[in-house]
Amino acid sequence: MVAADDAALMSAIRSGDESAMGALYDRYSGVVYSVALRVLGETGAAEDMLQEIFMQLWRRPTAFDSQRGSIGPWLAVITRNRAIDVLRKRHPEDDIADVVVSVTPDMAGDAGRNQAMEKVRDALDSMSAEQRSALEMAYFEGLTHTEIAAKTGEPLGTIKTRIRSGLLALRKVFAS
Amino acid sequence: MSVHEQYAGDLALYAMGALVGDERTSVEKHLADCADCRRELELLRGDTALLAYSAAHSVPPRRSRQRLMKAIRKEPRRKQIPARRSWWATAPWVAAAAMTILAVLLMRQNTGLQEKLANQRDRTAEQQSQLEQAREVVATLTATDALHVTLVAARTPPQPQGKAIYVRDRGSLIFLASNFKPVESGKAYELWLVPTKGNPIAAGVFKPDAHGSATVVNPPLPQGVEAKAFAITIEPQGGSPAPTSAILMLGTGE
């Protein structure tokens, strides 16, 4: 099982196994780098972020609690959060160990992950341009809902609703 | 999943880090108390992870891997620290455990104090009762208007009588006199404790009233003196340190 492989890799990393760290990098560096690049917009900054995220995991592998989620989605979320911190020139707001991520689809294996990514892209494509834009501004640009409302000229309540219903729509894709 | 509706919209923004100011503070306070909303936050973060994966179509350059592996080899391996869980996941449990221990300790302490207080109250009430009884006894014995009656065999003329009640360990003494003749001016009766060893010890000076009665209550006496007898002499009214006249009355313990 690939999920077990992730757990075994993390266990080896906790024991200081460098080759396990290399294997985990091979598996998830694409996601981490892509998210960092999407937020920061520069390959150099994205590479620095990639290095920072994996070094954090190497120094403190216990920050990820395998009992409470999958490593891939967790890496994606902490990369995005850290990249937004860098973008907004602020200190990290959350300890990475405080970030718990729960996802329905199996994102551990390449096949499952590719299938899930395809479904997510389809779901985003099926949203209205306003809704997708609100989600992307909040998530990849790190704008607050008041900043999005000011930028789009739409009421705060509308922005809140679009973001929440957009996230629930992504979840719904995997609910059936 | 029952998520509090008033927080639903804010939770989604919070999951994205897009909530600021008072609204963020309000959500964090609510999350600290609401397990359902914490669970919903985990799911919303999972939803944002799906969003993050939608961007996953780039591949890092090969040098990034070499850079990482080189850095790892240089990095001294740190001592493992225990898994650190979310503070709001652990803090309530730690706080609850601490509060429970504290509550139990306080309850025990409170119960102990209440028991001590109750015991103290009982003892105080008992002592108060004993004190009242003692006061009544002493008041009766020493009352100037008390009627002192000594019963003797019929047709026997009244004889002077003295009754000493002595507790050696406390050094306390009550002496009751009846039918005593008046003493001449400047003189008084003096009571003596005659110990089993040594000289008589002065145990108070008294003058009988018009009825021939007198009392001596707790004169200054050393504690623990074994009394062989009590005796009465006539002394100067200020009392003498040692008997200066013949013994008028003598009584030994029963």
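Worth saying up front: this structure is predicted, and the values here are computed from it rather than measured. (Residues numbered from 1 in each chain as written. Chains lettered and ligands numbered in written order. Predicted model: local features only at pLDDT ≥ 70, side-chain atom pairs only at ≥ 80, totals over all residues.)

This paragraph deals with the overall build of chain A. Tallying secondary structure elements over chain A gives 8 helices and 0 strands in all. Ordering the α and β elements of chain A from the N terminus gives α-α-α-α-α-α-α-α. Here chain A holds 176 residues, and 42% of them are scored as buried. For chain A, long-range pairs separated by at least 24 residues make up 65% of all intrachain contacts whose partners lie at least 6 apart in sequence. (Helix = DSSP H or I, 4+ residues; strand = E, 2+ residues; numbered from the N terminus. Buried ≥ 20, exposed ≤ 12 C-beta atoms within 10 Å, placed from the backbone. Contact = placed C-beta atoms within 7 Å.)

Helix and strand content of chain B: 5 helices and 7 strands. Within chain B, counting contacts between residues at least 6 apart in sequence, those at least 24 apart form 61% of the total.

Residue and element names in this part refer to chain B. Bridge count for strand β1 (residues 161-167) against strand β2 (residues 172-178) is 7 bridges, and the pairing is antiparallel. In the strand pairing of β2, tyrosine 166 is matched with leucine 173. Counted between consecutive antiparallel strands, the loop separating β1 from β2 contains 4 residues, among which glycine 171 sits at a positive phi close to 70°. (Pairing = 2+ DSSP bridges.)

This next bit is on the confidence of the model for chain A. Residues of chain A with pLDDT of at least 70 account for 86%, and the chain-wide mean is 86. When pLDDT is averaged over each helix and strand of chain A, the minimum, 79, is found for helix α1 (residues 2-14) of chain A and the maximum, 95, for helix α3 (residues 43-59) of chain A. (pLDDT = per-residue confidence, 0-100.)

So, about the pairing of β2 of chain B. All names here are of chain B. With burial as the criterion, only one face of β2 is covered, namely that bearing Leu173, Phe175 and Ala177; the residues Ser172, Ile174, Leu176 and Ser178 on the opposite face remain uncovered. Looking at chain direction, β2 and strand β5 (residues 214-217) are connected through 4 bridges and run antiparallel. Bridged to leucine 176 within β5 is threonine 215.

With that settled, consider the packing of helix α7 (residues 145-152) of chain A against helix α8 (residues 156-173) of chain A. Residues and elements named next belong to chain A. One way to put it is that α7 packs onto α8 with a least axis distance of 9 Å and a crossing angle of 115°. The pairing of α7 with α8 is recorded here as roughly perpendicular in orientation. Considering how the two elements wind past one another, α7 and α8 form a crossing that is right-handed. Note on element contacts: α8 touches α7 through Leu156, Ile159, Lys160 and Ile163, opposite His145, Thr146, Ile148 and Ala149. Class assignment for the residues of the contact of α7 with α8 results in 5 nonpolar, 2 polar and 1 charged. (Axes fitted to C-alpha atoms, helices over the stretch in contact; angles between N-to-C directions. Parallel < 35°, antiparallel > 145°, perpendicular 65-115°, else oblique. Left-handed = near helix turned anticlockwise from the far one by under 90°. Nonpolar A, V, L, I, M, F, W, Y, C, P; charged D, E, K, R; others polar.)

Of the positions making up helix α6 (residues 129-139) of chain A, those classed as buried are Ala134, Leu135, Met137, Ala138 and Tyr139 of chain A. Residues of α6 of chain A that are buried sit in contact with α4 (71-87), α7 and α8 of chain A together with α3 (35-53) of chain B.

All right, on to the interface of chain B and chain A then. Chain B puts 48 residues into the contact, and the matching count from chain A is 57 residues. Those elements giving two or more residues to the side of chain B that touches chain A turn out to be α1 (5-15), α3 and α4 (62-74) of chain B. Counting residues per element, the side of chain B that touches chain A draws most heavily on α3 of chain B, at 12 residues.

Residues and elements named next belong to chain A. Where helix α5 (residues 110-126) meets α8, the axes come as close as 10 Å, and the angle between the chain directions of the two elements is 140°. As the angle between them shows, α5 and α8 are arranged oblique. Seen from above, α5 lies across α8 with right-handed handedness. Two secondary-structure elements touch here, α5 through Lys119, Val120 and Ala123 and α8 through Ala169, Leu170 and Val173. Looking at side-chain class alone, the contact of α5 with α8 contains 5 nonpolar, no polar and 1 charged residues.

The subject of this paragraph is the environment of tyrosine 7 of chain B. You can see tyrosine 7 of chain B is positioned in helix α1. Residue contacts for tyrosine 7 of chain B: discarding those within four places in its chain leaves Val27, His30 and Cys37 of chain B.

This part is about the sheet that holds strand β3 (residues 187-195) of chain B. Residues and elements named next belong to chain B. Taking strand neighbours across the sheet as the criterion, the 4 strands line up as β4-β3-β6-β7 in an open arrangement whose pairing is antiparallel. If you trace the sheet from one side to the other, it starts and ends with β4 (201-206) and β7 (249-252), each paired once. Neighbouring strand axes in the sheet, compared pairwise and without regard to direction, differ in orientation by 20° on average. Relative to strand β6 (residues 227-236), β3 runs antiparallel, the two being bridged by 9 bridges. Looking at β6, one finds that proline 195 is bridged to alanine 227.

A separate point is α5 of chain A. Taking 1.5 Å per residue as the helical rise, α5 of chain A with its 17 residues ought to reach 24 Å, and the 24 Å between its terminal C-alpha atoms agrees with that figure. Buried within α5 of chain A are the following residues: Arg113, Ala116, Val120 and Ala123 of chain A. Buried residues of α5 of chain A fall within an arc of 85° about the axis and therefore sit on the same side. In α5 of chain A, the exposed positions that point more than 90 degrees away from the buried face belong to Asp110, Ala111, Glu118, Asp122, Asp125 and Ser126 of chain A. Those residues of α5 of chain A that are buried lie in contact with α4 and α8 of chain A together with α3 of chain B. (Expected span 1.5 Å × (residues − 1). Arc of directions from axis to C-beta.)

Residues and elements named next belong to chain B. Along the polypeptide, proline 243 turns up in the loop between β6 and β7. Each C-alpha atom of the pair proline 243 and alanine 202 lies 8.3 Å from the other, and the pair is 41 residues apart in sequence. With sequence-adjacent residues up to four places away left out, proline 243 is seen in contact with Trp192, Pro200 and Thr233.

The next thing to look at is the sheet that holds β1 of chain B. Residues and elements named next belong to chain B. With respect to topology, 3 strands assemble into an open sheet ordered β1-β2-β5, the strand pairing being antiparallel. Unpaired on one side and paired on the other, β1 and β5 mark the two borders of the sheet. Across the sheet, the mean angle separating the axes of adjacent strands is 5° when strand polarity is ignored.

Within the largest apolar cluster, 68 residues are counted, with the highest numbers of intra-cluster contacts made by Val32, Val35, Ala36, Leu75 and Ala138 of chain A together with Leu11 and Tyr53 of chain B. Leave out the neighbours within four places in its chain, and alanine 138 of chain A touches Leu143, Ile148 and Ile163 of chain A together with Met16 and Ala18 of chain B. Listed in part, the 18 residues of the second largest apolar core include Ala164, Leu191, Ala203 and Phe206 of chain B. (Core = buried A, V, L, I, M, F, W, Y, C linked by C-beta atoms within 7 Å.)

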